[in-house]
Amino acid sequence: MKKLFAALWIAASAHVVAAPACSQFVPNAQFPVLANAKLAAKTRVLCYSDFAVLHSGVTHGPLWSAEHLTRAHLNDAKEQVRTNKFFEDPTLPPGEGATLADYKRSGFDRGHMSPAGDRWNDEAMAQSFTLANIVPQDRENNQHLWAHIESAVRKIAMRYGDAYVVTGPLFAGQTLRTIGPTRVFVPTQLFKVVYVPAANEAFAVVVDNVATNRYDVKTVHELETMSGIRFTGIPEALKEQRIGGLKGV
Amino acid sequence: MSDFHAFANDEDVLNIEGDALTVSNGTTNIEVAGTLRIGKDKRGLKAARALKQAVDDIVAALEREKTLPDESKDDPPASTGNVQNPFV
């Protein structure tokens, strides 16, 4: 009951306060901010045990999913062997969340934003299968390119001890595709923003949501412009940095 | 692991070593995806056992079927829709 109350309170105050219960997953306890006000309709912050999501009742999925990767937790995550279950988030009002039926025969993978492979305990791993953390993702993309990107980001966190990561969909163009009776928006692209405090480094990667092996490295500023989301927890001084690429991708 | 029942539903995913290897259940198809490095160690044994158990379960489920077609056809994809982008 206490948990439910907390979730409701967080939902009600998503635009008012910047620090609900799960602000430890974002740098300097600052959640990403929706600079494009059109994104803000029907959004609510959902706190899980080791990641946080801003869910949109318009796209019927996450706008961003934030996690704090640490070496110790990633070591635990590597050991995980368990059966998980995709599920419809019970904390969302009816009609806001995607349903299992939406994805069935949709031709798209149920693509994790905060990946299952980063979760360091049973509860967190089970929670990462909430459809609130999932977007319709091209199957090839999810299983190859995206998996390599996730793995490269894990290696960075392992090397430097920790990293803050935000993953989400981008919706570009006048018309968007949808799947299922709920009309879940299909992202045109996916992004990851990575901030590595120990390396004093921040960067973003963007990939088209199609079968591709290509990813684009962006500065955090460039991604902020593309996404309409500001990553306020990342130091401004790092937002113009451009890295060469990701190892092993 | 014992809670993975081949072809029983479309929701279950067996994760081995995080998401290094995933066995995604389905009522018509099961998908095995990823790359698993099995070390000559206890962790490797744990992973190998999980994989074996899942594959054994898949084989048993298929063998239980009295009439298996040579190749089943995929269900036709569900139709997708379009929507005006409300964010531009």
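Within each chain, residues carry numbers counting from 1 in the order of the written sequence. Each chain takes a letter, starting from A, and each ligand takes a number, starting from 1, following the order in which they are written. With pLDDT at 70 or above as the cut-off, local features in this predicted model cover only qualifying residues; side-chain atom pairs require 80 or more to be listed or tallied, and sums for whole chains, interfaces and linings still use all residues.

In DSSP terms, a helix is any run of H or I states spanning at least four residues, a strand is any run of E spanning at least two, and both are numbered starting from the N terminus. When helices and strands are tallied, chain A shows 7 helices and 14 strands. The globule rule is 2.2 Å times the number of residues to the power 0.38, and the radius of gyration it is compared with is taken over C-alpha atoms. Against the compact-globule benchmark of 18 Å for 249 residues, chain A has a radius of gyration of 17 Å, which places it among compact chains. Exposure is read from a count of other C-beta atoms within 10 Å of each residue's own; the residue is exposed at 12 or fewer, buried at 20 or more and partly exposed in between. C-beta atoms are placed from the backbone. A total of 249 residues make up chain A; the buried ones form 49% of that total.

Before going further, it helps to examine the sheet that holds strand 4 (residues 81-84) of chain B. Should DSSP find at least two bridges between two strands, the strands are regarded as paired. Taken in spatial order, the 3 strands make up an open sheet running 10(A)-9(A)-4(B), and their pairing is antiparallel. The sheet terminates laterally at strand 10 (184-185) of chain A together with strand 4 of chain B, the two strands that pair on one side only. Both strand 9 (residues 175-179) of chain A and strand 4 of chain B contribute to a ladder of 4 bridges, which runs antiparallel. By the bridge assignment for strand 4 of chain B, Thr175(A) is matched with Gln84(B).

All right, on to the nonpolar core then. For this entry, the nonpolar core is defined as buried Ala, Val, Leu, Ile, Met, Phe, Trp, Tyr and Cys residues connected by C-beta atoms within 7 Å. The biggest cluster of nonpolar side chains holds 70 residues, and the ones touching the most others in it are Ala52(A), Ala163(A), Val193(A), Val194(A), Tyr195(A) and Val220(A). Residues Ile16(B), Ala20(B), Val23(B) and Ile30(B) belong to the second largest nonpolar core, which totals 12 residues.

Right, let's talk about the interface of chain B and chain A for a bit. Taken together, the contacts link 32 residues of chain B with 36 residues of chain A. Those elements that provide at least two residues to the side of chain B that touches chain A are strand 1 (12-16), strand 3 (31-34), helix 1 (42-64) and strand 4 of chain B. Ranked by the residues each element gives to the side of chain B that touches chain A, the list is headed by strand 1 of chain B, at 5 residues. Here the side of chain B that touches chain A is composed, by residue class, of 15 nonpolar, 8 polar and 9 charged. With 5 bridges joining them, strand 5 (residues 81-85) of chain A and strand 1 of chain B adopt antiparallel strand pairing. Bridging across to strand 1 of chain B, Asn84(A) finds its partner in Val13(B). Once C-beta atoms have been placed from the backbone, residue pairs whose C-beta atoms lie within 7 Å are recorded as contacts. In the scheme used here, Gly and all other residues not listed as nonpolar or charged are polar, with Ala, Val, Leu, Ile, Met, Phe, Trp, Tyr, Cys and Pro taken as nonpolar and Asp, Glu, Lys and Arg as charged.

Below, the discussion takes up the pairing of strand 1 of chain B. Residue and element names in this part refer to chain B. In terms of residue burial, strand 1 counts as a mostly covered element, since 5 of its 5 residues are buried. On strand 1, burial covers both faces: Asp12, Leu14 and Ile16 on one face and Val13 and Asn15 on the other are all buried. Two elements, strand 1 and strand 2 (residues 21-24), share 4 bridges in a ladder whose sense is antiparallel. Looking at strand 2, one finds that Ile16 is bridged to Leu21. Between the antiparallel neighbours strand 1 and strand 2 lie 4 residues, among them Glu17 with a positive phi of about 50°.

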